[in-house]
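Inside the fold
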Amino acid sequence: MTQETIFAKIIRREAPADIVYQDDLVTAFRDIRPQAPVHILIVPNRAIPTANDVLPEDEPALGRLFTVAAKLAREAGIAESGYRLLVNCNRDGGQEVYHLHMHLVGGRRLGPMLVRPTE
Ligand code: 5GP
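Before going into details, it helps to say that this report is about the structure given with it. Predicted model, so just to flag it, every value in this text is computed and none were measured.

Next up on the list: the overall build of the chain. When you go through the chain residue by residue, the secondary structure sums to three helices and five strands. Start at the N end of the chain and walk to the C end: the helices and strands fall as α-β-β-β-α-β-α-β. In terms of its C-alpha atoms, the chain occupies a principal-axis envelope of roughly 40 × 35 × 30 Å. Scored against the burial criterion, the 119 residues of the chain give a buried share of 35%. Counting contacts in the chain only where the partners sit at least 6 residues apart, residues at least 24 apart contribute 54% of the total. When the accessible area of the chain is evaluated, it comes to approximately 7,700 Å², of which 53% is carbon and sulfur surface. Considering the chain, the positive charge centre built from 14 side chains and the negative charge centre built from 15 side chains are found 6 Å apart.

Below, the structure is given as structure tokens:
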């Protein structure tokens with residue numbers, strides 16, 4: 001069995017987080033180490049470990065990630081200026097927390113999508 005992550009506890013409100021949206025399928029909360037003025041994580045309530053583990057029955061929750069992202073972007077006032085939505089998968093994708101999540105990042109010019117690591 002995959003070990004539970006901190007995100008599952010946040011979803012159940014057993015761990016502290018700045019939750020900005022929650023419904024039956026997804027939960028959204030502010031990233032603890034924001035990379036931009038707006039940095040929100042939108043996560044399916046079901047603990048899907050990675051993008052590799054997505055099942056057909058997850059499609060409603062995964063679609064909801066986008067509708068909630070667009071709503072939160074509008075509310076944050078960045079819908080027109082723009083933002084980035086991203087999902088990291090496994091080591092090379094830079095995934096840190098193994099509960100699938102979408103990053104909503106914006107509020108500044110984000111630059112090129114990929115940068116070459118310095119190390
Ligand atoms: P990943 O690299 O897995 O795509 O992103 C994980 C994100 O979760 C990181 O941006 C990190 O700052 C954030 N994060 C990790 N632990 C916590 C936590 O306990 N609370 C919140 N709000 N964000 C977290």
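Still to come is the rest of the account.
Let us now look at unusual backbone geometry. Notably, Arg 13 is not glycine yet its phi reads approximately 60 degrees, a positive angle. Among the structural elements, Arg 13 can be located in the loop between helix H1 (6-11) and strand S1 (19-22). Its identity is not glycine, yet Asn 90 carries a phi of approximately 60 degrees, on the positive side. By the secondary structure assignment, Asn 90 is in helix H3 (residues 90-93). Judged by relative accessible area, which is 31%, Asn 90 ranks as partly exposed.

Strand order in the open sheet formed by five strands is S1-S2-S3-S5-S4, and the pairing between neighbours is antiparallel. Bordering the open sheet on either side are S1 and strand S4 (83-86), each of which pairs with just one other strand. In this sheet, adjacent strand axes meet at a mean angle of 15 degrees when their direction is disregarded. Relative to strand S5 (residues 102-106), strand S3 (residues 38-44) runs antiparallel, the two being bridged by five bridges.

What follows covers the pairing of strand S2 (residues 26-30). Most of S2 is tucked away: four of the five residues are buried. Of the pairings in the sheet, the one linking S1 to S2 comprises three bridges and is antiparallel in character. Paired with Gln 22 across the bridge in S2 is Thr 27. Linkage of S1 to S2, two consecutive antiparallel strands, is achieved through a turn of three residues. Bridge analysis of S2 against S3 gives five bridges, and the strand direction is antiparallel. Among the inter-strand pairings, Ala 28 is bridged to a residue of S3, identified as Ile 42.

Here is what the cut-offs are and how they apply
Residues numbered from 1 in each chain as written. Predicted model: local features only at pLDDT ≥ 70, side-chain atom pairs only at ≥ 80, totals over all residues. Heavy atoms only, no water. Helix = DSSP H or I, 4+ residues; strand = E, 2+ residues; numbered from the N terminus. Buried < 20%, exposed > 50% of the residue type's maximum accessible area, 1.4 Å probe, protein only. Contact = heavy atoms within 4.5 Å. Areas by Shrake-Rupley, 256 points an atom, 1.4 Å probe, with all protein chains shown as cover. Lys, Arg positive; Asp, Glu negative; His and termini not counted. Charge placed at Lys NZ, Arg CZ, Asp CG, Glu CD. Pairing = 2+ DSSP bridges. Axes fitted to C-alpha atoms, helices over the stretch in contact; angles between N-to-C directions.

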